[in-house]
Amino acid sequence: MGAKAGTTSTSNHSDFSRGSVWGNIMYQSLPLIVAQLVQLLYNVIDRVYIGHLPEVGSTALTGIGLAFPLATLIAAFTNLFSTGCVPLFSMARGAKDEKRAELMLGQAAALLVGSSLIIFVICFAFRDPILWLFGATEDSFGYAEEYLSIYLFGTTFSMFSTGMNGFINAQGFPKTGMCTIAIGAALNLALDPLFIFVFDMGVAGAAIATVISQAVSALWVLRFFLGKRSLYRIRKSNLILRMGLLKQILGLGLAGFIMQATNFLVQIVCNKMLGIYGGDLYVGIMTVVNSVRDILSLPANSIANGSQPVLGYNYGAKKFDRVRRGIRFTTFLGFGYMLAAWLFVLFFPHLLLSIFTSDQVMISTGQNPLHIYFFGFFFMAFQFAGQSTFTALGCAKQAIFFSLLRKVFIVVPLTLLLPGLGFGTDGVFLAEPISNVIGGLASFLTMYFTLYRRLPKRDDVPVSKENLKVS
């Protein structure tokens, strides 16, 4: 059987065609913000503790920064299958096709677990050459290898708990999704100082604490879907991959994958160029800058992600005015927040850097790169709004193109070119704000003119991708 009889249609929180649009989005987004913020603690807390290790903190932090691209690659594959299945799951729910919705749940579980095992085997076998490729030096390699060789054992736990959490939120249980991540992160917060300082295990202790915490989160998610609260079940019959569905899943999920995979590429290029023009100090500074960016961009990104089930559900239910209202709300709120975040960086760079390191040289040297990197930070809100709308409504090609545009076609070439044109290390950090302006505006304006303005003015009017000029 599919969903429990009557539950899906009568729940106020799972029927996104009822109530205020902004209320539904915030009901989804606020717990998601907390959950994703706590999720960041898995890696960020490691960096905070390691960065404050006596004598070796800055070098060890650089080592973790070299391992960071692989964590991003794991997140990319998680997004590939999660963001590929969740929109199809939400649209099936909006159309009251419970059997298809439950099928999407099973497909996601199979894809996440299967791919995680392949990723673990490949990355673990080639971890040493991978780290040298990422820009490791004699000083930083030992810390990077020690951390990564343990961290990789949490790949399946991380992908399953993070990827399946989207289905918990899409059912109208964002608080449960928040608790999923909060339990693991709280455990990580407690175990990190125990393993790092009390047991004197350093970076290895940080990795062990993270893997244990990820395992607990994964078990919590599995318990939810096998229990009575979930409206849908993970069933054995739905774990067999359907090749016909796989094309749709990959088509939608490719946008989320590319967004993370391009971050993976950018991190490698940045580390290599900073290693050439600035050495380990600047690789460590970039590790801190990436951490600050992840934290400060998270609320706006979570609001955009939280809007996707609401937009997808209302699109499936042909509630087009509600779709438009959702897009407007997401854009304005995201822009306002990102503007405030940029001003915070502008006035308090020392505070942000000192959270991650006690090295005064890194703190004083890192303030200018931090200012450069975050200049015009609010333009990212337009990227989030455009990208999430394309993904939520099934416009895969547009979502993929704008993911590639900002990182691959703008950031990577500028990162390679600007340092050699006299900008030095500043050129590496300058590539990001340039891409935010060009990529963000291009994504949003395309979404506005080719999708938003072409939605029918009245609900229940037949609509096709040809009408919307999307494919």
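Structure shown above.
Notes on the structure follow. (Residues numbered from 1 in each chain as written. Predicted model: local features only at pLDDT ≥ 70, side-chain atom pairs only at ≥ 80, totals over all residues. Heavy atoms only, no water.)

Some details on the overall build of the protein
In step 1: Scanning the protein for helices and strands turns up 18 helices and zero strands.
In step 2: Dimensions of the protein, computed from C-alpha atoms along their principal axes, come out at roughly 65 × 45 × 35 Å.
In step 3: Across the 471 residues of the protein, 59% fall into the buried class.
In step 4: Taking the intrachain contacts of the protein between residues at least 6 apart in sequence as the baseline, contacts between residues at least 24 apart amount to 81%.
In step 5: Taking the average location of the 34 positive side-chain charges in the protein and that of its 22 negative ones, the two points are 20 Å from each other. (Helix = DSSP H or I, 4+ residues; strand = E, 2+ residues; numbered from the N terminus. Buried < 20%, exposed > 50% of the residue type's maximum accessible area, 1.4 Å probe, protein only. Contact = heavy atoms within 4.5 Å. Lys, Arg positive; Asp, Glu negative; His and termini not counted. Charge placed at Lys NZ, Arg CZ, Asp CG, Glu CD.)

Section: a nonpolar patch on the surface
In step 1: Together, L343, F344, L346, F347, F348, L351 and I355 line one region of the surface with nonpolar side chains, adding up to about 630 Å² of accessible area.
In step 2: Elements supplying a minimum of two residues to the nonpolar patch: helix 12 (320-347) and helix 13 (349-356).
In step 3: In terms of residue count, helix 12 provides more of the nonpolar patch than any other element does, four residues in total.
In step 4: Note that I355 resides in helix 13. (Patch = residues over 30% accessible without salt bridge, like charges linked within 9 Å, V, L, I, M, F, W, Y side chains within 5 Å. Areas by Shrake-Rupley, 256 points an atom, 1.4 Å probe, with all protein chains shown as cover. Salt bridge = Lys/Arg side-chain N within 4 Å of Asp/Glu carboxyl O.)

Describing the packing of aromatic side chains
In step 1: Counted by the stated rule, this structure contains 30 aromatic pairs.
In step 2: Look at F16 and Y313: their rings are 5.6 Å apart centre to centre, the planes differ by 80°, and that puts the pair in the edge-to-face class. Here the residue F16 occupies a position in the loop between helix 1 (7-10) and helix 2 (21-51), and Y313 occupies one in helix 11 (residues 280-316), the gap between them amounting to 297 residues. Take F16 and Y313: they sit in the same class, and that class is buried.
In step 3: An angle of 80° between the planes, with centres 5.0 Å apart, marks the rings of F401 and F402 as edge-to-face.
In step 4: Note on F402: relative accessible area 5%, which makes it buried.
In step 5: Three or more aromatic residues link up through ring pairs in this structure, and these residues are F335, W342, F375, F378, F379, F382 and F444.
In step 6: Cation over ring: R47 sits above F68, and NZ or CZ is 4.2 Å from the ring centre. (Phe/Tyr/Trp six-rings, centres within 6.5 Å; stacked < 30°, edge-to-face > 60°. Lys NZ or Arg CZ within 6 Å of the ring centre and 35° of its normal.)

Description of empty space enclosed by the protein
In step 1: A full pass over the atoms with the stated rule returns three cavities of 30 Å³ or more.
In step 2: Here the second largest cavity defines a volume of roughly 130 Å³.
In step 3: Taken together, 16 residues line the second largest cavity, and the ones lying closest to its centre are V266, Q267, C270, M286 and N290.
In step 4: Secondary-structure elements contributing two or more residues to the lining of the second largest cavity are helix 3 (57-94), helix 10 (243-277), helix 11, helix 16 (396-417) and helix 17 (425-450).
In step 5: The element contributing the most residues to the lining of the second largest cavity is helix 10, with five residues.
In step 6: Residues of the lining of the second largest cavity, tallied by class, amount to seven nonpolar, six polar and three charged. (1 Å grid on protein atoms, 1.4 Å probe; cavity = no way out; pocket = protein on both sides within 12 Å on 5 of 7 lines; lining within 4 Å. Points joined across faces, edges and corners; volume = space filled by probe spheres on them. Nonpolar A, V, L, I, M, F, W, Y, C, P; charged D, E, K, R; others polar.)

A short note on helix 6 (residues 138-151)
Because each turn of an α-helix spans 3.6 residues, side chains separated by three or four positions end up pointing in the same direction.
In step 1: Between its first and last C-alpha atoms helix 6 spans 21 Å; for 14 residues at 1.5 Å apiece the expected length is 20 Å, and the two agree.
In step 2: When helix 6 is considered as a whole, its buried residues turn out to be S140, F141, A144, E145, Y147, L148, S149 and Y151. (Expected span 1.5 Å × (residues − 1).)

Quick word on the pattern of salt bridges
Pairing between side chains of opposite charge can happen when the charged atoms of each approach one another.
In step 1: If you walk through the whole model with that rule in mind, you get seven salt bridges.
In step 2: Here R127 and E145 are joined by a salt bridge, their closest N and O atoms 3.0 Å apart. Highlighted residues: R127 in helix 5 (residues 127-133) and E145 in helix 6, separated in sequence by 18 residues.
In step 3: Among the ionic contacts, a cluster of salt bridges with common partners joins D321, R324 and R325.

Re the nonpolar core
In step 1: Counting 140 residues, the largest nonpolar core has M164, F167, F225, F374 and F429 as its most contacted members.
In step 2: In contact with F374, other than residues within four places in its own chain, are V289, V292, R293, L296, W342 and V345. (Core = buried A, V, L, I, M, F, W, Y, C linked by side-chain atoms within 4.5 Å.)

Side note on helix 13
In step 1: Burial in helix 13 covers these residues: P349, L352, L353 and F356. One face of helix 13 carries all of its buried residues, which in axial projection span an arc of 95°. (Arc of directions from axis to C-beta.)

Examining the packing of helix 15 (residues 380-392) against helix 17
In step 1: The contact between helix 15 and helix 17 brings their axes to 7 Å, and the two run at 40°. Comparing their axes, helix 17 and helix 15 come out oblique. Remark: the crossing between helix 15 and helix 17 carries left-handed chirality. Two secondary-structure elements touch here, helix 15 through M380, F382, Q383, A385, G386, Q387, T389 and F390 and helix 17 through E432, N436, G439, G440, L441, S443, F444, T446, M447 and T450. (Axes fitted to C-alpha atoms, helices over the stretch in contact; angles between N-to-C directions. Parallel < 35°, antiparallel > 145°, perpendicular 65-115°, else oblique. Left-handed = near helix turned anticlockwise from the far one by under 90°.)

As for the packing of helix 7 (residues 155-170) against helix 9 (residues 202-226)
In step 1: In the contact formed by helix 7 and helix 9, the axes pass within 8 Å of each other and the chain directions differ by 40°. Comparing their axes, helix 9 and helix 7 come out oblique. Pair helix 7 / helix 9 crosses with left-handed handedness. On the side of helix 7, the interface is formed by F157, S158, F160, S161, M164, N165, F167 and I168, while helix 9 contributes V211, Q214, A215, S217, A218, V221, L222, F224 and F225.
In step 2: Split by residue class, the contact of helix 7 with helix 9 holds 12 nonpolar, five polar and no charged.

Topic: unusual backbone geometry
In step 1: If you check the backbone angles, D200 has positive phi at about 55° while not being a glycine.
In step 2: Mapped onto the fold, D200 is located in the loop between helix 8 (174-198) and helix 9.
In step 3: You will see that K318, though not glycine, has its phi angle at about 60°, which is positive.
In step 4: Looking at the secondary structure, you find K318 in the loop between helix 11 and helix 12.
In step 5: Overall, the relative accessible area of 35% leaves K318 in the partly exposed class.

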